Amino acid sequence: MYEKLKNYHIILASNSPRRRELLAGLGIDYEVRVLPHIAESYPADLPVEKIAEYIACEKADAYRPLMAPNDLIITADTIVVVDGQVLGKPSDADDARRMLHCLSNKTHQVITGVCLLTANRQRHFSVLTDVTFKRLTDEEIDFYIEHYRPFDKAGAYGIQEWIGFVGVTAIKGSYFNVMGLPVQRIYDELQRL
């Protein structure tokens, strides 16, 4: 696979330091390129399990006019779903507090959609992971928000941070998906290119 990938200029279209770290873990050379102001909206009637994948494809489409023939663009989007409600990134501390209260003592789903785009191919998929939190106290939620400021994270938390250490009691599926990039599935998909 690595020999085939040498034919591509791989571009990770994400500002996320976690996604950069995870993709680097695959041993792949890539560049980060981020276009400003890409909308992350979706049709209101879209099934919840398709939202992240839809947004990842919309992000990839924004790069299409700028692509060189050998570019391979990787885009991703992550959402958190609890009780049928989609939690994106919190707007402020109060919103983060609300989200963490929603997740407390429940199992929720983390869904990451990914799009791989080349000049003549597009592959896209979603990966779902179930995550269970213990009952979080107000003190734990406030401590986490104050010290970790999770305003750039879907569902207002990073599993690799303090709240994940003390709050997550079970996980079913890919841990790396919860961090924001299902690298095992990406590896499989890159092998199929």
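If you're wondering where the values come from, they're calculated on a predicted model, not measured in any experiment. (Residues numbered from 1 in each chain as written. Predicted model: local features only at pLDDT ≥ 70, side-chain atom pairs only at ≥ 80, totals over all residues. Heavy atoms only, no water.)

## Overview of helix 4 (residues 93-103)
Right, so step 1: Listing the buried residues of helix 4 in full gives Asp95, Ala96, Met99, Leu100 and Leu103. Projected onto a plane normal to the axis of helix 4, the buried residues spread over an arc of 135° and lie on a single side.
Right, so step 2: Within two residues after helix 4, Asn105 carries a phi angle of roughly 65°, on the positive side. (Buried < 20%, exposed > 50% of the residue type's maximum accessible area, 1.4 Å probe, protein only. Helix = DSSP H or I, 4+ residues; strand = E, 2+ residues; numbered from the N terminus. Arc of directions from axis to C-beta.)

## Regarding a nonpolar patch on the surface
Right, so step 1: Taken together, the side chains of Ile171, Tyr175 and Phe176 present a nonpolar region at the surface, about 250 Å² in accessible area.
Right, so step 2: The topology assignment puts Phe176 in helix 7 (residues 175-179).
Right, so step 3: Judged by its relative accessible area of 39%, Phe176 is partly exposed. (Patch = residues over 30% accessible without salt bridge, like charges linked within 9 Å, V, L, I, M, F, W, Y side chains within 5 Å. Areas by Shrake-Rupley, 256 points an atom, 1.4 Å probe, with all protein chains shown as cover. Salt bridge = Lys/Arg side-chain N within 4 Å of Asp/Glu carboxyl O.)

## Observations concerning the packing of helix 4 against helix 5 (residues 138-148)
Right, so step 1: At their nearest, the axes of helix 4 and helix 5 sit 10 Å apart, and the two run at 135° to each other. As judged from the angle between their axes, helix 4 and helix 5 are oblique. Crossing handedness for the pair helix 4 and helix 5: right-handed. Residues Ala93, Ala96, Arg97, Leu100 and His101 of helix 4 touch helix 5, and the partners they reach there are Asp138, Ile141, Asp142, Tyr144 and Ile145.
Right, so step 2: Across the contact of helix 4 with helix 5, the residue classes break down as six nonpolar, one polar and three charged. (Axes fitted to C-alpha atoms, helices over the stretch in contact; angles between N-to-C directions. Parallel < 35°, antiparallel > 145°, perpendicular 65-115°, else oblique. Left-handed = near helix turned anticlockwise from the far one by under 90°. Contact = heavy atoms within 4.5 Å. Nonpolar A, V, L, I, M, F, W, Y, C, P; charged D, E, K, R; others polar.)

## Points about helix 5
For an α-helix the count is 3.6 residues per turn, leaving residues at separations of three or four pointing the same way.
Right, so step 1: Burial in helix 5 covers these residues: Glu140, Ile141, Tyr144 and Ile145. The arc that holds the buried residues of helix 5, viewed along the axis, is 125°, so those residues lie on one side. Projecting away from the buried face of helix 5 at angles above 90 degrees are the exposed residues Glu139 and Glu146.
Right, so step 2: In the core, the buried residues of helix 5 are packed alongside helix 4 and helix 6 (162-167).
Right, so step 3: Of the residues one or two after helix 5, Arg149 is the one with positive phi, at around 40°.

## Quick look at the nonpolar core
Right, so step 1: Among the nonpolar cores identified, the biggest contains 41 residues, and Ile74, Leu100, Leu103, Tyr157 and Leu190 are the most heavily contacted of them.
Right, so step 2: Once you skip the residues sitting within four places of it in the chain, Leu190 turns out to touch Met1, Leu5, Ile28, Leu72 and Leu116.
Right, so step 3: Of all hydrophobic cores here, the second largest spans ten residues; its members include Ala13, Ala56, Met67 and Ile73. (Core = buried A, V, L, I, M, F, W, Y, C linked by side-chain atoms within 4.5 Å.)

## Concerning the environment of Ile163
Right, so step 1: As for its placement among the helices and strands, Ile163 is situated in helix 6.
Right, so step 2: Residue classification places Ile163 among the buried residues on the basis of a relative accessible area of 0%.
Right, so step 3: Linking Ile163 and Ser91, residues 72 residues apart in sequence, is a C-alpha distance of 19 Å.
Right, so step 4: Excluding residues within four positions of it along the chain, Ile163 makes contact with Phe133, Leu136, Glu140, Tyr144, Tyr157, Gly158 and Val168.

## What to know about the side chain of Asn177
Right, so step 1: Within the fold, Asn177 resides in helix 7.
Right, so step 2: Using a relative accessible area of 0% as the deciding quantity, one classes Asn177 as buried.
Right, so step 3: Polar contacts involving the side chain of Asn177 include one to the main-chain carbonyl oxygen of Val127, which spans 3.1 Å.
Right, so step 4: Not counting residues within four places of it along the chain, the set of residues in contact with Asn177 comprises Val110, Thr112, Val127, Leu128, Thr129 and Pro182. (Polar contact = N/O pair within 3.5 Å; in protein donor to acceptor, adjacent residues only side chain to side chain.)

## Looking at the environment of Ile38
Right, so step 1: Within the secondary structure, Ile38 is located in the loop between strand 2 (31-32) and helix 3 (51-63).
Right, so step 2: Between the alpha carbons of Ile38 and Gly167 there is a distance of 33 Å; along the sequence they are 129 residues apart.

Nothing here speaks to function; it is geometry throughout.
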